[in-house]
Amino acid sequence: MDGRSGRRGSVHRLTDRGRTPAWDSGEAAGKKRKELERWFYGHEGPQALFAGRVLPFDEKAALVWARLMAADAAAGLSRNALDMIVAAVAEANDCVVVTDNEKDFAGLKIVNPLRVAG
């Protein structure tokens, strides 16, 4: 899903693209670490499974995030900055956040998959 295509979608998770995973510190590789690296970078790992489907926290999302945080501050609300990054990335890409965490995303465009429609 390309955020610029105009199609609607959902934000599943944020990742640090290009950042070395915490377990990949450059120390001597043990058996467990080598197995984890093979999985992580292999055809069944997250790099392959989520290729082209992770939306970036780019300049557009950063501006949405700043607006959300400023509006909350002006209203006397204190929200988690990371939750608002998820909300900002979703809004910047015309997506909806899918979460059961209605409290922390109150007033924002979300879908709670656990709430029974009716």
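Since this is a predicted model, take the numbers as computed values, not measurements.

Calculation criteria
- Residues numbered from 1 in each chain as written.
- Predicted model: local features only at pLDDT ≥ 70, side-chain atom pairs only at ≥ 80, totals over all residues.
- Heavy atoms only, no water.
- Phe/Tyr/Trp six-rings, centres within 6.5 Å; stacked < 30°, edge-to-face > 60°.
- Buried < 20%, exposed > 50% of the residue type's maximum accessible area, 1.4 Å probe, protein only.
- Salt bridge = Lys/Arg side-chain N within 4 Å of Asp/Glu carboxyl O.
- Helix = DSSP H or I, 4+ residues; strand = E, 2+ residues; numbered from the N terminus.

Asker: Looking at this structure, I do not really get the packing of aromatic side chains. What am I missing?
Answerer: The geometry of an aromatic ring pair is captured by the separation of the ring centres together with the interplanar angle, meaning the angle of the planes. In the structure shown here, the tally under the stated rule is two aromatic pairs. Ring geometry for Phe40 versus Tyr41: centroids 4.9 Å apart, planes at 85°, classification edge-to-face. Residue Tyr41 is classed as partly exposed on the basis of its relative accessible area, which comes to 46%. One aromatic cluster in this structure is built from Trp39, Phe40 and Tyr41.

Asker: Got a minute to help me understand the pattern of salt bridges in this structure?
Answerer: Close approach of charged atoms lets side chains of opposite charge pair. By the definition in use, this model includes six salt bridges. Two residues, Arg67 and Glu91, come together in a salt bridge whose shortest N-O distance is 2.1 Å. With Arg67 in helix α3 (residues 59-74) and Glu91 in helix α4 (residues 81-92), this pair connects stretches of sequence that are 24 residues apart. With a relative accessible area of 39%, Glu91 lands in the partly exposed category. Residue Asp72 is joined to Arg79 by a salt bridge in which the shortest nitrogen-to-oxygen separation is 2.8 Å.

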